[in-house]
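# Examination of the molecular architecture
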Amino acid sequence: MEAGGGAVNAPAHGPEPREPAPVLITEAAPSYEDQLAKRKRKYIIMMSFRIPCLILAGIFYQTWWLALALIAISIPLPWIAVLVANDRPPRKSESVNRYQAEPTRIEGGNHQVIEGG
């Protein structure tokens, strides 16, 4: 038996690998932790392009226009990465199904009135 946490870390599809994964039947948004993990991944990927750009600019220093272009690309990358990483997914717009009663009119005209007597 594994040391601690076996039940918590079990796969979502159950102990048997032949069992299918549960079907998501709601329109619930991904959890905050999942959103944060995706945003961190985007940030790391974007920032991983900056160092190679600077290294390539140093390699191609003799071709000044290429080195300058690579440096120009690498300068705004931190700001863009932060903007993309801090952007949460938009909320889903849902149309609310509400009951709409049709307006009724007050009946007009002459009606027979029954008086008690």
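All chains use their own residue numbering, which begins from 1 and follows the written sequence. In keeping with the model being predicted, local features are shown solely for residues with a pLDDT of at least 70 and side-chain atom pairs are shown and tallied solely at 80 or more, while totals for entire chains, interfaces and linings include all residues. As a rule here, side-chain values come from all non-hydrogen atoms in the structure, and water together with hydrogens is ignored.

The way it works is that DSSP assigns letters per residue, a run of H or I at least four long becomes a helix, a run of E at least two long becomes a strand, and they are numbered from the N terminus. Secondary structure assignment for the protein chain yields four helices and zero strands. Along its sequence from the N terminus, the protein chain presents helices and strands in the succession α-α-α-α. The contact criterion used throughout is that any non-hydrogen atoms of two residues lie within 4.5 Å. A sequence separation of at least 24 residues applies to 55% of the contacts in the protein chain between residues at least 6 apart. Exposure was quantified through the Shrake-Rupley algorithm and a 1.4 Å probe, taking into account, for residues, occlusion by the shown protein chains and nothing else. Looking at the protein chain as shown, the accessible area adds up to about 11300 Å², and 61% of this sits on carbon and sulfur atoms.

With that settled, consider the side chain of R39. The topology assignment puts R39 in helix α1 (residues 32-47). Contacts of R39, omitting those with residues within four sequence positions, involve Y32, A85, N86, D87 and R88.

Quick look at the confidence of the model for the protein chain now. Scored from 0 to 100, pLDDT records how confident the predictor is in each individual residue. On average, residues of the protein chain carry a pLDDT of 77, and 67% of them reach 70 or more. Here residues 5-10 is modelled with pLDDT under 50, and outside its nearest four sequence neighbours on either side it reaches zero contacts, counting other chains as well.

When a residue's accessible area, from a 1.4 Å probe over protein chains only, is under 20% of the maximum for its type it is buried; when over 50% it is exposed; and in between it is partly exposed. Within helix α4 (residues 77-86), the full set of buried residues consists of L77, P78, A81 and A85. Buried residues of α4, viewed axially, fall in a sector of 95°; they line one side. Turned more than 90 degrees away from the buried face of α4 sit W79, L83 and N86, all of them exposed. Against the buried residues of α4 lie α1, α2 (50-59) and α3 (64-74). To be clear, the arc concerns the directions from the helix axis to the C-beta atoms.

Here the focus is α3. Buried within α3 we find A67, L70 and S74. Viewed along the axis of α3, the buried residues span an arc of 65°, placing them on a single side of the element. Opposite the buried face of α3, by more than 90 degrees, sit the exposed residues W64, W65 and L68. Contacts from the buried residues of α3 go to α2 and α4.

Further remarks concern the packing of α2 against α3. Contact geometry of α2 with α3 gives a least axis separation of 8 Å together with a crossing angle of 160°. Judged by the inter-axis angle, α2 sits roughly antiparallel to α3. For α2 against α3, the interelement crossing comes out left-handed. Residues R50, C53, L54, L56 and A57 of α2 touch α3, and the partners they reach there are A67, L70, I71, I73 and S74. Under the scheme applied here, ten amino acids are nonpolar (Ala, Val, Leu, Ile, Met, Phe, Trp, Tyr, Cys and Pro), four are charged (Asp, Glu, Lys and Arg), and all others, including Gly, are polar. Grouping the amino acids of the contact of α2 with α3 by side-chain chemistry returns eight nonpolar, one polar and one charged. Helix axes are fitted only over the stretch in contact, all axes being lines through C-alpha atoms; the angle between N-to-C directions runs from 0 to 180 degrees. In this scheme, roughly parallel covers angles under 35 degrees and roughly antiparallel covers those over 145, while 65 to 115 is roughly perpendicular and the rest are oblique. Handedness of each helix crossing follows the sense of rotation of the near helix against the far helix: counterclockwise by less than a right angle gives left-handed, clockwise gives right-handed.

Looking now at a nonpolar patch on the surface. Grouping into patches uses exposed residues only, defined as over 30% relative accessible area, and leaves out salt-bridged ones; the cut-off is 9 Å for like charges and 5 Å for nonpolar side chains (Val, Leu, Ile, Met, Phe, Trp, Tyr). Think of a salt bridge as a Lys or Arg side-chain nitrogen and an Asp or Glu carboxyl oxygen that are within 4 Å of each other. On the surface, a cluster of nonpolar side chains totalling about 470 Å² of accessible area is made up of I51, I55, L56, I59 and F60. Locating I55 in the fold gives a position in helix α2.

Here we come to the packing of α1 against α4. One can describe the packing of α1 onto α4 by two numbers: an axis separation of 8 Å at closest approach and a directional angle of 165°. As far as their axial angle goes, α4 and α1 are roughly antiparallel. Crossing geometry of α1 relative to α4 is assigned as right-handed. On α4, the residues touching R39, K42, Y43, M46 and M47 of α1 are L77, P78, I80, A81, V82, V84, A85 and N86. Taken together, the residues of the contact of α1 with α4 break down into 10 nonpolar, one polar and two charged.

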